[in-house]
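One letter stands for each residue in the lines below.
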Amino acid sequence: MKLVGIVGTNAKMSTNRQLLQYMQQHFADQVTIEIAEITDLPAFNEPEDRVAPAAVQALSDQIKAADGVIFATPEYDHSIPAALKSAIEWLSYTTRPLINKPVMIVGASNGALGTSRAQAHLRQILEAPELKALVMPNVEYLLGHSLQAFDDQGNLTDHDKVAELADDVTAFLAFVTLTEKITPENKFMEKNQQFSWSQIADGRD
Amino acid sequence: MKLVGIVGTNAKKSYNRELLEFIQRHFSDQAELEILELTDVPLFNENDDQSQSPVIQAFNEKITAADGVIIATPEHNHSVPSALKSIIEWLSFKLHPLDGKPVMIVGASYSVQGSSRAQLHLRQILDAPGVNASVMPGSEFLLGRAQTAFDDQGNLKESGTVAFLESCFAKFMKFTDLVNAMNVPDAVSYQPGTYAVTAVGHNGKLPMSVTLSKDRIEDIQIDTSTETKGIAEVAFKRIPKAIIDGQTLAVDAVSGASMTSHGVIDGVAEAVKAAGANPDDLKKRQAQMTKAVQNITDITTDVVVVGAGGAGLTAAAKVLQQGRNVLVVEKFPAVGGNTVRAGGPMNAADPEWQHQFEAIPGEKHTLTEITQIDEATIAPEYLADFRVLKTQINAYLKENKDQRGYLFDSTLLHRIQTYLGGKRTDLQGHQIYGQYDLVKVLTDHALESVKWLENIGVDFDKSQVTMPVGAIWRRGHKPMGDQGFAFIKALQKFVTDQGGRILTETPVQSLTTTAGKVDGLIAQGPDHTKVIVHAKAVILASGGFAANTKMLQQYNTYWTAIDDDIKTTNSPAMTGDGIRLGTSVGADLVGMGFSQMMPVSDPDTGELFSGLQVPPQNFVMVNQAGKRFVNEYGSRDELTQAAIDNGSLFYLIADDEIKKTAYNTTQAKLDAQVAAGTLYRADTLSDLAKQLQMDPAVLTKTIENYNSYVDAGEDPEFHKNAFDLKVQVAPFYATPRKPATHHTMGGLKIDTGAHVLNADGQVIDGLYAAGEVAGGIHAGNRLGGNSLADIFTFGRIAATNALQDELTVTPLG
């Protein structure tokens, strides 16, 4: 099985990146996780031709080729960073690779709350009709005090948080398998791949 | 009432824009609404701070000046558009104009939802601590099916919708008054007394006492005795004065000393709190702003010098010695530039003095190696000097064949070492070495510079000859007192005593020319004044660009990569201003691709003088695994590359005896650093290893081996050239280090008279350069201790030639 882990920030130093790198190594025998960055994506600006810029197309292709997606989001001002929102807007406005894609949300923050509010926002965002991702219910992996959470080798030091993450990943892998069975192949994908917010009013989507 | 409206999208067509325009017209008798667009707002990125850019500053200033803000948001993917989120992130990062600001949220969307979910998200976002806006509760104005809501004139069609908007707006008017009344700070009242608190300085905590009367901050005293002289002094004077004058904590940090500035502000805040008042009220209280008036100061002088570091003050002193007028302009509040950060010892071959000292093990070997260099590898212009040097060395070695002997040196050894040390090849295969005529001038006149400085008032410690890091040879003349500041202290005193004028906080904007001759400059003085200077000559002594990472990366052809977040040992003033000024009048550049890293810098601040800095013969460098990894006597480039190869972070290990050879510190500073966790100390090597998360057995073995090499006088592992002390007397120390940018090799092309040359190799009339702003001398790599020799030598030469050329003043001998 192959997953894409999206680092939800354009910051150079990010414990969310560290968290994905840890997951990539720690669960290597269960699943292949490719890490995707959003740093090089341009700021979203509704393109008249609806064509995705090359960097967005590359991210989109990577998502399409994967069995599932993990979003690792920081929390900026009680929500997800503008950079991550911008990436999602690109995907929703151009290629829409997240339709029916199983998604797991994780997040790391330096504060105690571990991105709880950003994750709640992200969940709502991914469930918007323009995106239609299948966000795994019940699981909320919050890593607080993340600057102290890793040792020099990039390993999580708290055993409870390691065990919790292992449970969540196992559950997500089962969820991915399950969704393959229940979603009729390409049910939504056949429809118009492109989307505009004005279409909501027309009831086209 | 003055309001700001933000269109929450960067889309060309937006019903939210139409809605704001309707509000603007409809309520124009009640409030003046200025509409701001997100079109030019860059995507937020914490690593590329744009807080000071015109677009973000426009938002900041307009929101700050407004009584309230209306945000009109569309809904994209169930939330606010990234463009809107981006401006809020910018306005909650370094700037906080929305703090306490009354905000009304409205929204329009194509769907019946009318942005309901985006509005809820926006409410939560505006509540975040960094934003902290006062969002009006209730009155949720949602405009669904917006595409059908407006008529051709852009007015809302439904009278019911208009009526609801009117009720929301009326409520917002009241809400704005209410919230702004709440924001007026309370009258401050203190429990009178003197409060002992601490300020955080460069080298740790400083005791501070704050005296408060019932309603005033009366006095602030800071004990700065443990602080490095020069760097933060201005902050210790200016910040307390600004706090007392304005009775406010909303004072601007002194540029170049922001940490110290905030340390003082926080200390006073602590006292205010202890006296029962709320420091936040004092932070909100604006100081009495002096009205900005464009005053013009017009100054005519003989010579104007740009930059008040060692090179600039030397040039100024030299002009004054010849009986002429001089003006020094400096962009920072304090004089001293990078010189105050220098380690102190300056290179000058002074064989008579050096002969009093015994040679140390390894030095003869270094000399022998020089005689064995293949002459084919020596550049032709250096060959004659090289051959004479070989004769000198062979005679010395013969004379001291069976004895330890004295410390050898000669002008030629200094010259050839400067040449060899500067020889480098960059990534593109270009080889560079020091320009012979410039290196000859430097090495011939360095000792004269030492004597000249003594004459100015610098005392040198003649009892020891030191070798600065990366110097290759012991020929360092170390001033008494505080490292590099000792030079600045004497020079500044001389310049001001002799009637020289120094204008600080006066960055130069441009040079002025008449018929191709440089004849003055235009600068920006403090408090928005404009300074126009007319002079016969301009001497650029503004330093290099090691604090300008973008410029370093732009020119770099030597290092495989320079990180965006690399630290520097330099003053933040070193941003290449003189190079910009010089090229603006046609100056040629030389060697710009080469830069030097200081391998032994503080990992957090880039500073050199934290921890224990000892002579390299006493360096023991270990990597994060506790193993030695390099010849500690190696060149800076060798040390830097080895450090990078070992994960950048490494440690200098010292014992109590080695500690005594440190030239940068006191026991009090060391104790403070150990307490702060920036220096490690333990009674055994095992304990030290544990603190560093190393295997104790590995570190202990490393040190055992090292000590045995000192006994044997030979290091079979890394071939360290010279040793002194073993590591054996407790307590043991470990100083964490990392490479940082240290010196920019390239700069303006000059001739031996410090004249700046153009691309055709011709002198640019009236323009001179000295110090790091000029290139060509040190070429690919500068020996430690040679920059001080450079600035004091070429600073004098620049002044002498400026006077001779432009004022026909001949030197007084």
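As the structure is a prediction and not an experimental result, all values here were calculated from the model. (Residues numbered from 1 in each chain as written. Chains lettered and ligands numbered in written order. Predicted model: local features only at pLDDT ≥ 70, side-chain atom pairs only at ≥ 80, totals over all residues. Heavy atoms only, no water.)

1. Some points on the overall build of chain A
Spelled out, the test is: Counting from the N terminus, the helices are DSSP H or I runs at least four residues long and the strands are E runs at least two residues long. Contact criterion: two residues are considered in contact whenever any of their non-hydrogen atoms come within 4.5 Å of each other. Here, Shrake-Rupley sampling with a 1.4 Å probe gives the accessible areas, and only protein chains in the shown set may cover a residue.
In terms of helices and strands, chain A carries 6 helices and 6 strands. Within chain A, counting contacts between residues at least 6 apart in sequence, those at least 24 apart form 80% of the total. For chain A, the exposed surface amounts to about 8,500 Å²; the carbon and sulfur share of it is 50%.

2. Considering the confidence of the model for chain A
To be explicit about the condition: Every residue is assigned a pLDDT by the predictor, reflecting its confidence on a scale from 0 to 100.
Within chain A, residue pLDDT values average 88, and 89% of them lie at 70 or more. Note that residues 201-205 of chain A has pLDDT below 50 and, in this model, 9 contacts with residues that lie over four places away or in other chains.

3. Observations regarding the packing of helix α1 (residues 15-26) of chain A against helix α5 (residues 159-182) of chain A
Residues and elements named next belong to chain A. Here is the rule: Axis lines are fitted to C-alpha atoms, over the contacting stretch for helices. Their N-to-C directions set the angle, which ranges from 0 to 180 degrees. Our angle categories are set so that under 35 degrees counts as roughly parallel, over 145 as roughly antiparallel, 65 to 115 as roughly perpendicular, and the remainder as oblique. Classes in brief: Ala, Val, Leu, Ile, Met, Phe, Trp, Tyr, Cys and Pro nonpolar; Asp, Glu, Lys and Arg charged; the others, Gly included, polar.
Running from N to C, α1 and α5 point in directions that differ by 70°, and their axes come no closer than 12 Å. Taken together, α1 and α5 sit at an angle that is classed as roughly perpendicular. For the pair α1 and α5, contact is made by L19, Y22, M23 and H26 and by V162, L165 and V169, respectively. Its residues assigned to classes, the contact of α1 with α5 comprises 6 nonpolar, 1 polar and no charged.

4. Some details on the interface of chain B and chain A
As a reminder of what qualifies: A simple way to read buried area is as the amount of 1.4 Å-probe accessible surface that goes missing from two parts once joined, with both sides added. In what follows, salt bridge is the name for a side-chain nitrogen of Lys or Arg lying within 4 Å of a carboxyl oxygen of Asp or Glu. We define a polar contact as two N or O atoms separated by no more than 3.5 Å, with the added condition that, inside protein, one atom must be a possible hydrogen donor and the other a possible acceptor, whereas residues neighbouring each other in sequence contribute only through side-chain atom pairs.
Across the contact, 34 residues belong to chain B and 35 residues belong to chain A. When the two sides are added together, the surface that chain B and chain A hide from each other amounts to roughly 2,900 Å², 50% of it contributed by carbon and sulfur. Linking chain B with chain A are 1 salt bridge. Two residues, A:E48 and B:K12, come together in a salt bridge whose shortest N-O distance is 2.9 Å. There are 18 residue pairs in polar contact (both at pLDDT 80 or more) connecting chain B and chain A.

5. Remarks on the nonpolar core
All names here are of chain B. Stated precisely, the cut-off is as follows: Definition of nonpolar core: a set of buried residues of the types Ala, Val, Leu, Ile, Met, Phe, Trp, Tyr and Cys, connected through side-chain atoms within 4.5 Å. Exposure categories follow from relative accessible area, calculated using a 1.4 Å probe and restricted to protein chains: below 20% of the type maximum is buried, above 50% is exposed, and the middle band is partly exposed.
In terms of nonpolar packing, the biggest core is built from 117 residues, with M346, L521, V538, I539, L540 and F794 touching the most fellow members. It is helix α23 (residues 786-807) that provides the largest number of residues to this core, a total of 11 residues. Apart from residues no more than four positions distant in its own chain, I539 is found in contact with V303, V304, V305, V306, A315, Y768, A798, A799 and A802. Within the second largest apolar cluster, 41 residues are counted, among which are F629, V630, Y651 and L699.

6. Section: the confidence of the model for chain B
All names here are of chain B. Of the residues in chain B, 97% have a pLDDT of 70 or more, and the chain-wide mean is 90. Across residues 287-293, confidence stays below pLDDT 50; counting only partners more than four residues off in sequence or on other chains, it has 4 contacts. Across the interface, the model reports ipTM at 0.89; the global pTM reads 0.55.

7. Overview of the packing of aromatic side chains
Residues and elements named next belong to chain B. Just so we agree on the cut-off: Geometry of aromatic contacts follows a simple scheme: Phe, Tyr and Trp rings, the Trp one being its six-membered ring, pair when their centres are within 6.5 Å, and the pair is stacked under 30 degrees between planes, edge-to-face over 60, tilted otherwise.
The full count for this structure, using the stated rule, is 26 aromatic pairs over all chains. Summarising the aromatic geometry, the rings of Y396 and Y406 are spaced 5.1 Å apart at their centres and angled 75° between planes, so their arrangement reads as edge-to-face. One end of the pair, Y396, is in helix α12 (residues 380-399); the other, Y406, is in the loop between α12 and α13 (411-422), and 10 residues separate them in sequence. Residue Y396 shares its accessibility class with Y406, and that shared class is buried. Plain terms: the ring middles of F545 and Y555 are 6.2 Å apart, the flat faces sit at 55° to each other, and that makes the pair tilted.

8. Some words on the sheet that holds strand β19 (residues 517-524) of chain B
Residue and element names in this part refer to chain B. Put simply, the test is: Strand pairing requires that DSSP identify at least two bridges connecting the strands.
Pairing is mixed across the open sheet formed by 4 strands, whose spatial order is β10-β20-β19-β18. Where the open sheet ends on each side, the last strands, each with one partner, are β10 (296-300) and β18 (508-514). Averaged over all adjacent pairs, the angle separating strand axes in this sheet is 20°, with direction ignored. Across 5 bridges, the pairing between β19 and strand β20 (residues 530-534) is antiparallel. The residue bridging G520 from the neighbouring strand is H534, located in β20.

9. Points about the pattern of salt bridges
Residue and element names in this part refer to chain B. Under the counting rule described, the total for this entry stands at 39 salt bridges over all chains. For E34, the salt bridge goes to K62, with nearest N and O atoms at 3.0 Å. Here the residue E34 occupies a position in strand β2 (residues 32-36), and K62 occupies one in helix α2 (residues 54-65), the gap between them amounting to 28 residues. You can call K62 partly exposed: its relative accessible area is 33%. Via salt bridges that share partners, D385, R415, K440 and D444 belong to a single interconnected network.

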